Amino acid sequence: MLSTSLPDITRPSIFNTASPEAEKIGRIGNGFLIAGTAMFLLITLLTVYICRKYRAKPNSSEPRQTSSNHLLEITMVGVPLLLVIFFFFWSLTTMSAVLPPAEKHKPDVIITGHQFWWQAEYPANKFSTANEIHLPVGKKLLLEVRAADVIHDWWVPALGAKMDMIPGTSNFLWMTITKPGVYLGTCSEFCGEQHAWMRIRVIAEQPQQYQRWLVSQSAIDKLPPDTLVEKGNALFIEASCSNCHSIRGTAAIGQIGPDLTHFAGRQTMLAGMMSVNGQNIYNWLLAPQKIKPGAHMPRFNFGRDSLKALTAYLSTLK
């Protein structure tokens, strides 16, 4: 049985913003909502008023006909036109504030969307990780977003704008996170069978804590002196696992699947589908297509002892 209990997190919401960029987008969104609601109420009230005032009465004759009302016509055309112009310029100023030019800047993090997981590269520290993206609080960050296979779409509502991820090109996204926490998002462009389970998990930390995380991710831990773990390590390299996955400090240098360095130190696995623990790792290795149909993880005919050894090995990668 799968264990899917996850730590308490803040659910994604455009109303619970944690960056100036998201606040600006939220303000213009609220403006559209208020204007649309006011227009809806006005039309509803006018419809009810006209239906009541001009409804047919017993023995009534045809009402007096009018040919034109210039003031009413100007108002009906002018007010919506002014609203369109107002929101047009508000949208332009919001876009320029949220997405300033990025050509002269180096990205802090490079995010690549895969079917169906996220790769996060930290160029300054020369390592990559998967699915859980750690970012510092209080710093203006530039994210470069790419796609490895099909079109994906990065969106963490609390942190700012959505951004398309298109194969063969790079787009850029600015964000300044104002408070620590765990922020959820999702791929917002249908990308295949497991699109719904391509979740984003951004862990925003204070600068000191973030620096400690960078140091820990850059380090290579030695395996504990355990026979079962050593067997799992050898099996991982000898089997085709190492052709798809990479683990720094080992012979595994595959680039197709997620980087598994420090895998057991993450909170979740399978792009946020379930928590990282021995039982979930074992079940995933046993029947990946049963758990996440359509994922590019083939089913291997490992025996029970081999599955236990691989699970023990992966559980040490902290």
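As shown above, the structure is provided for reference.
By convention here, each chain's residues receive numbers from 1 onward along its written sequence. In keeping with the predicted nature of the model, local features appear solely for residues at pLDDT of at least 70, side-chain atom pairs appear and are counted solely at 80 or more, and the whole-chain, interface and lining totals rest on all residues. As a rule here, side-chain values cover all heavy atoms of the structure and leave hydrogens and water aside.

Undergrad: Teacher, can you tell me more about helix 6 (residues 278-286) here?
TA: Owing to its 3.6 residues per turn, the α-helix brings residues three or four apart onto one side. The cut-offs for exposure are 20% and 50% of the maximum accessible area for each residue type, with area from a 1.4 Å probe on protein chains only; residues under the lower value are buried, those over the upper are exposed, and the others partly exposed. Helix and strand definitions here come from DSSP, where helices need a minimum of 4 consecutive H or I residues and strands a minimum of 2 consecutive E residues; each element is numbered from the N-terminal end. Among all positions in helix 6, only Asn-280, Ile-281, Tyr-282, Asn-283, Trp-284 and Leu-285 are buried. The inward-facing, buried residues of helix 6 abut strand 11 (268-269), strand 12 (274-275), helix 7 (288-291) and helix 8 (304-315). Within 3.5 Å is the distance limit for a polar contact, defined as a pair of N or O atoms, with the added protein rule that one can donate a hydrogen and the other accept it, and that residues adjacent in sequence qualify only through two side-chain atoms. Near the N-terminus of helix 6, the side chain that reaches the backbone nitrogen of Gln-279, with its oxygen 3.2 Å away, is that of Asn-277. We call two residues in contact when some of their heavy atoms are within 4.5 Å.

Undergrad: Explanation requested: the side chain of Gln-115 in the structure shown.
TA: For Gln-115, the location among the structural elements is in the loop between strand 1 (109-114) and strand 2 (117-122). With relative accessibility at 18%, the residue Gln-115 sits in the buried group. Side-chain polar atoms of Gln-115 contact the side chain of His-296, separated by 3.4 Å. In this view, Gln-115 contacts Asp-149, Val-150, His-152, Cys-191, Gly-192 and His-296; residues no more than four positions away in its chain are not counted.

Undergrad: Quick question: what am I supposed to make of the sheet that holds strand 9 (residues 181-186) here?
TA: At least two DSSP bridges between two strands are required for those strands to pair. Across the sheet, three strands lie side by side as 4-10-9; this open sheet has mixed pairing. A single partner strand is all that each edge strand has here, and the edge strands are strand 4 (132-136) and strand 9. Within the sheet, the average angular offset between the axes of one strand and its neighbour, ignoring direction, is 25°. Taken together, the five bridges between strand 4 and strand 10 (residues 199-205) define a ladder with parallel strand orientation. Across the sheet, Ile-133 pairs through a bridge with Val-202, a residue of strand 10. All axes here are fitted lines through C-alpha atoms, helices being fitted over the stretch that makes contact, and every angle between N-to-C directions spans 0 to 180 degrees.

Undergrad: Sorry if this is basic, but what is going on with the sheet that holds strand 3 (residues 127-130) here?
TA: What links the strands of a sheet is backbone hydrogen bonding, and the strands pair in either a parallel or an antiparallel sense. The five strands are arranged 3-2-1-5-8 in an open sheet whose pairing can be described as mixed. The two strands at the open ends of the sheet, each matched to only one other strand, are strand 3 and strand 8 (171-176). On average, adjacent strands in this sheet sit at an angle of 25° to one another, irrespective of strand direction.

Undergrad: Looking at this structure, I do not really get unusual backbone geometry. What am I missing?
TA: With the exception of glycine, the majority of residues adopt a negative phi angle, and the majority of peptide bonds are in the trans configuration. At the junction of Gln-115 and Phe-116, the peptide bond is cis and its omega measures out at 0° in the coordinates. Phi at Asn-131 takes a positive value of approximately 70°, unusual for a residue other than glycine. Relative to the assigned elements, Asn-131 resides in the loop between strand 3 and strand 4. Its identity is not glycine, yet His-262 carries a phi of approximately 60°, on the positive side. The residue His-262 is located in the loop between helix 5 (241-244) and strand 11 in this model.

Don't take any of this as a statement about function, it's just geometry.
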